[in-house]
Amino acid sequence: MHGIDVAIVALYLAAVLWIGRRLSGRQHTVRDYFLTGQSLPWWAVMASIVATETSTITLISVPGYAFGGDLTFLQIAFGYVVGRAVVALVLIPPYFRGDILTAYQLLSTRFGRTLGRAAATIFLVTRNVSDGLRLFATGLVLAAVLATTTAATPLSPNDTWVVVSVCVLAAVTLTYTWLGGMRAVVWMDVVQLGLYLTGAVVAFVMLVGAIPGGLASAWTVATGAGKLTMLDFTLDLTRDYTFWSAVIGGAFFTAATHGTDQMFVQRYLCCRSASDAKLALITSGGVVLVQFALFLAIGILLWSYYTQQAPGALAGVTTAGSIQFDRIFPHFIVTQFPIGLRGLMVAAIIAAAMSTLSSSLNSSASSVVGDFYMSRRAKPPTDAAALRASRMATVGCALIQILVALAAIELSQRVVDDVLRVQFFTGGILLGLFLLSVVGCTTPRAGMAGLASGLVAVVLLSGLTSVSWQWYTLVGSLTTAGIGYLVHRY
């Protein structure tokens with residue numbers, strides 16, 4: 001990395017901190033800090049939704065998936081579009097019928113405080129574990145920058161630079177989130193979306209230029225190798241990324257994350273109306289579909305480049321004779337990008353991570369404050385006390401995610417699978433509870449029975465069978481809703 005590249009990355013990080021500081025004076029109440037006073041335009045919320053779910057996992061692991069396999073990952077994006085439509089029609093309207101801070105306060109009002117807190121606990125554990133893994137993936141990128149700048153061996157899985165990178169990224173993200181609250185998170189998401197999409201397009205163009213014969217040649221070679229397979233209609237419940245597991249499982253997964261996960265529900269509550277929230281969510285589905293196609297195309301081009309033009313250039317991303325697919329794109333960036341563009345691309349990948357991490361910290365803090373801190377007090381806290389608690393909760397969640405990231409250094413080749421597996425495991429349980437609330441089965445007994453049965457079903461499914469994790473959300477949601485309904489009726 002040249003000094004100019006490092007300066008670009010440092011300038012970006014400094015700009016992030018400056019924006020957070022500029023927005024810090026607008027936070028007077030907890031609703032300002034977490035919901036921006038419901039003043040955001042739909043297009044900004046849409047950009048924030050896209051940027052939030054497009055973490056470094058997407059920008060690094062999805063190209064890695066295509067490099068090591070084919071285009072079947074795109075099938076899951078079809079399910080994401082279907083799931084968004086369900087959320088817009090069924091789950092968004094109830095959130096605008098009351099004065100709530102978190103999604104789980106809605107469950108508390110319908111099932112009782114105990115179940116609402118149980119759902120919030122599931123969210124907090126799932127969110128902070130999965131986003132700790134995302135923080136680790138981004139640490140790999142910044143570690144490549146620091147290691148190559150100091151002539152160290154890049155991307156060693158035990159490298160001290162990974163630890164340093166994780167801590168630096170978490171510190172910067174925490175600072176602007178702590179200062180500016182949700183308003184800073186959303187507007188930085190808008191900036192970061194533009195930045196990482198620009199970086200991805202630059203990478204695509206550079207790869208096309210680096211391959212003799214360009215896109216046509218890469219297409220021909222990839223077709224001959226079966227790399228362009230997109231649809232897999234195999235009826236096998238044990239396989240990941242078949243059409244059935246990806247589309248059906250992806251639809252239920254998106255209904256769970258975008259319909260019940262506080263990180264996304266919080267964005268809807270920042271909109272001026274329910275119709276704005278629906279528009280933001282539906283539009284985001286099309287943008288995410290295009291993004292996945294772009295990132296998978298980058299992975300195919302990387303495969304074409306390294307297998308034809310530079311077959312011996314992947315020694316730096318090989319561990320025990322096995323290629324670490326998540327490290328191929330960062331390796332290409334730091335070794336092949338020209339000065340200036342290299343720094344821009346690294347900043348783009350960091351931006352993709354920060355958009356998710358900042359959202360995770362703010363939404364986790366809102367759940368801690370709204371579902372636990374404020375609900376335990378007989379007398380509402382003052383605005384100043386609630387804001388202090390909100391910022392303390394933000395710091396606490398950041399520390400947890402740092403610990404998860406540091407523990408994840410010895411991960412498998414595709415971090416994207418690890419992250420999605422965590423979220424598929426618990427998402428269905430929460431979706432089942434919200435579906436029970438929609439149909440009016442809201443007795444505490446029905447809710448607790450549904451939650452317990454859904455958890456047992458997913459644990460047994462994962463522990464005793466080889467069924468793909470992409471079915472976990474479907475099984476968890478149907479079991480939770482079904483058992484809860486039966487208990488409520490009988």
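Before reading further, recall that the structure is shown in the block above.
Below is a short write-up of the structure.

About the cut-offs
Residues numbered from 1 in each chain as written. Predicted model: local features only at pLDDT ≥ 70, side-chain atom pairs only at ≥ 80, totals over all residues. Heavy atoms only, no water. Salt bridge = Lys/Arg side-chain N within 4 Å of Asp/Glu carboxyl O. Helix = DSSP H or I, 4+ residues; strand = E, 2+ residues; numbered from the N terminus. Buried < 20%, exposed > 50% of the residue type's maximum accessible area, 1.4 Å probe, protein only. Patch = residues over 30% accessible without salt bridge, like charges linked within 9 Å, V, L, I, M, F, W, Y side chains within 5 Å. Areas by Shrake-Rupley, 256 points an atom, 1.4 Å probe, with all protein chains shown as cover. Expected span 1.5 Å × (residues − 1). Phe/Tyr/Trp six-rings, centres within 6.5 Å; stacked < 30°, edge-to-face > 60°. Lys NZ or Arg CZ within 6 Å of the ring centre and 35° of its normal. Contact = heavy atoms within 4.5 Å. Polar contact = N/O pair within 3.5 Å; in protein donor to acceptor, adjacent residues only side chain to side chain. Axes fitted to C-alpha atoms, helices over the stretch in contact; angles between N-to-C directions. Parallel < 35°, antiparallel > 145°, perpendicular 65-115°, else oblique. Left-handed = near helix turned anticlockwise from the far one by under 90°. Nonpolar A, V, L, I, M, F, W, Y, C, P; charged D, E, K, R; others polar.

### What to know about the pattern of salt bridges
For step 1, the next point in the chain: Scanning all chains against the criterion turns up seven salt bridges.
For step 2, the next point in the chain: A salt bridge links Arg-342 to Asp-5; the nearest nitrogen and oxygen atoms lie 3.5 Å apart. In this pair, Arg-342 is assigned in helix α14 (residues 341-373) and Asp-5 in helix α1 (residues 3-23), connecting sequence segments 337 residues apart.
For step 3, the next point in the chain: For Arg-342, a relative accessible area of 12% puts it in the buried group.
For step 4, the next point in the chain: Judged by relative accessible area, which is 0%, Asp-5 ranks as buried.
For step 5, the next point in the chain: Taking the shortest distance from any N to any O, the salt bridge between Arg-31 and Asp-99 comes out at 2.9 Å. Placement of Arg-31 in helix α2 (residues 30-35) and of Asp-99 in the loop between α5 (75-95) and α6 (103-111) is noted, with a sequence separation of 68 residues between them.

### Focus: a nonpolar patch on the surface
For step 1, the next point in the chain: A surface patch of nonpolar side chains, about 500 Å² in accessible area, is lined by Val-82, Val-86, Leu-89, Val-90, Val-438 and Val-439.
For step 2, the next point in the chain: At four residues, α5 tops the list of elements feeding residues into the nonpolar patch.
For step 3, the next point in the chain: Take Val-86: it is sitting in helix α5.

### Things to note about helix α17 (residues 444-464)
For step 1, the next point in the chain: Taking 1.5 Å of rise per residue, 21 residues should cover 30 Å, and α17 covers 30 Å from first to last C-alpha, within 8% of that figure.
For step 2, the next point in the chain: Along α17, the positions that sit buried rather than exposed are Ala-446, Gly-447, Gly-450, Leu-451, Ser-453, Gly-454, Ala-457, Val-458 and Leu-461.

### Some remarks on the packing of aromatic side chains
For step 1, the next point in the chain: As enumerated under the stated definition, the model contains 18 aromatic pairs in all.
For step 2, the next point in the chain: Aromatic pair Phe-332 and Phe-337: ring centres 5.8 Å apart, planes at 85 degrees, arrangement edge-to-face. Each member of the pair, Phe-332 together with Phe-337, is buried.
For step 3, the next point in the chain: When the ring centre of Trp-178 is taken as reference, the NZ or CZ atom of Arg-391 above it lies at 5.2 Å.

### Here's the deal with the environment of Ser-359
For step 1, the next point in the chain: Of note, Ser-359 is situated in helix α14.
For step 2, the next point in the chain: Considering only alpha carbons, one finds Ser-359 and Arg-267, 92 residues apart in sequence, at a separation of 9.4 Å.
For step 3, the next point in the chain: Look past the residues within four positions of Ser-359 in its chain and what remains in contact with it is Thr-52, Val-185, Asp-189, Met-263 and Arg-267.
For step 4, the next point in the chain: A polar side-chain atom of Ser-359 sits 3.0 Å from a polar atom in the side chain of Thr-52.

### So, the environment of Arg-489
For step 1, the next point in the chain: Here Arg-489 is to be found in helix α18 (residues 472-489).
For step 2, the next point in the chain: Linking Arg-489 and Cys-441, residues 48 residues apart in sequence, is a C-alpha distance of 8.1 Å.
For step 3, the next point in the chain: At 2.6 Å, the side chain of Arg-489 and the side chain of Tyr-485 are in polar contact.

### Thoughts on α18
Owing to its 3.6 residues per turn, the α-helix aligns residues three or four sequence positions apart on the same side.
For step 1, the next point in the chain: For α18, spanning 18 residues, the distance from its first C-alpha to its last is 26 Å, which sits close to the expected 26 Å at 1.5 Å a residue.
For step 2, the next point in the chain: Buried within α18 we find Tyr-472, Thr-473, Leu-474, Gly-476, Ser-477, Thr-480, Ala-481, Gly-484 and Val-487.

### Observations concerning the side chain of Asp-371
For step 1, the next point in the chain: Within the secondary structure layout, Asp-371 lies in helix α14.
For step 2, the next point in the chain: In terms of polar contacts, Asp-371 uses its side chain to reach the side chain of Thr-102, at 2.9 Å.
For step 3, the next point in the chain: Leaving out residues up to four positions away in the same chain, Asp-371 has contacts with Thr-102, Tyr-104, Gln-105, Arg-117, Ala-120 and Ser-366.

### Quick look at the packing of helix α13 (residues 328-336) against α14
For step 1, the next point in the chain: α14 packs onto α13 with a crossing angle of 150 degrees between their chain directions and a minimal axis gap of 9 Å. Comparing their axes, α14 and α13 come out roughly antiparallel. As for how α13 packs across α14, the hand of that crossing is left-handed. Where α13 approaches α14, its residues Phe-329, Ile-333 and Val-334 are matched on the opposing element by Arg-342, Met-345, Val-346 and Ile-349.
For step 2, the next point in the chain: Residue composition of the contact of α13 with α14, grouped by class: six nonpolar, no polar and one charged.

### Some points on the side chain of Ser-48
For step 1, the next point in the chain: Inspection of the secondary structure assignment puts Ser-48 in helix α3 (residues 42-53).
For step 2, the next point in the chain: There is a polar contact of 2.6 Å between the side chain of Ser-48 and the side chain of Asp-189.
For step 3, the next point in the chain: Looking at Ser-48, its side chain comes within polar contact range of the side chain of Arg-267, at 2.7 Å.
For step 4, the next point in the chain: Residues in contact with Ser-48, not counting those within four places in the same chain, are Val-186, Asp-189 and Arg-267.

### Let's talk about unusual backbone geometry
For step 1, the next point in the chain: Phi at Thr-36 is positive, roughly 55 degrees, even though this residue is not glycine.
For step 2, the next point in the chain: Here Thr-36 is to be found in the loop between α2 and α3.
For step 3, the next point in the chain: The class for Thr-36 is buried, based on a relative accessible area of 1%.
For step 4, the next point in the chain: A positive phi angle is found at Gln-38, which is not glycine, with a value near 50 degrees.
For step 5, the next point in the chain: Relative to the helices and strands, Gln-38 resides in the loop between α2 and α3.

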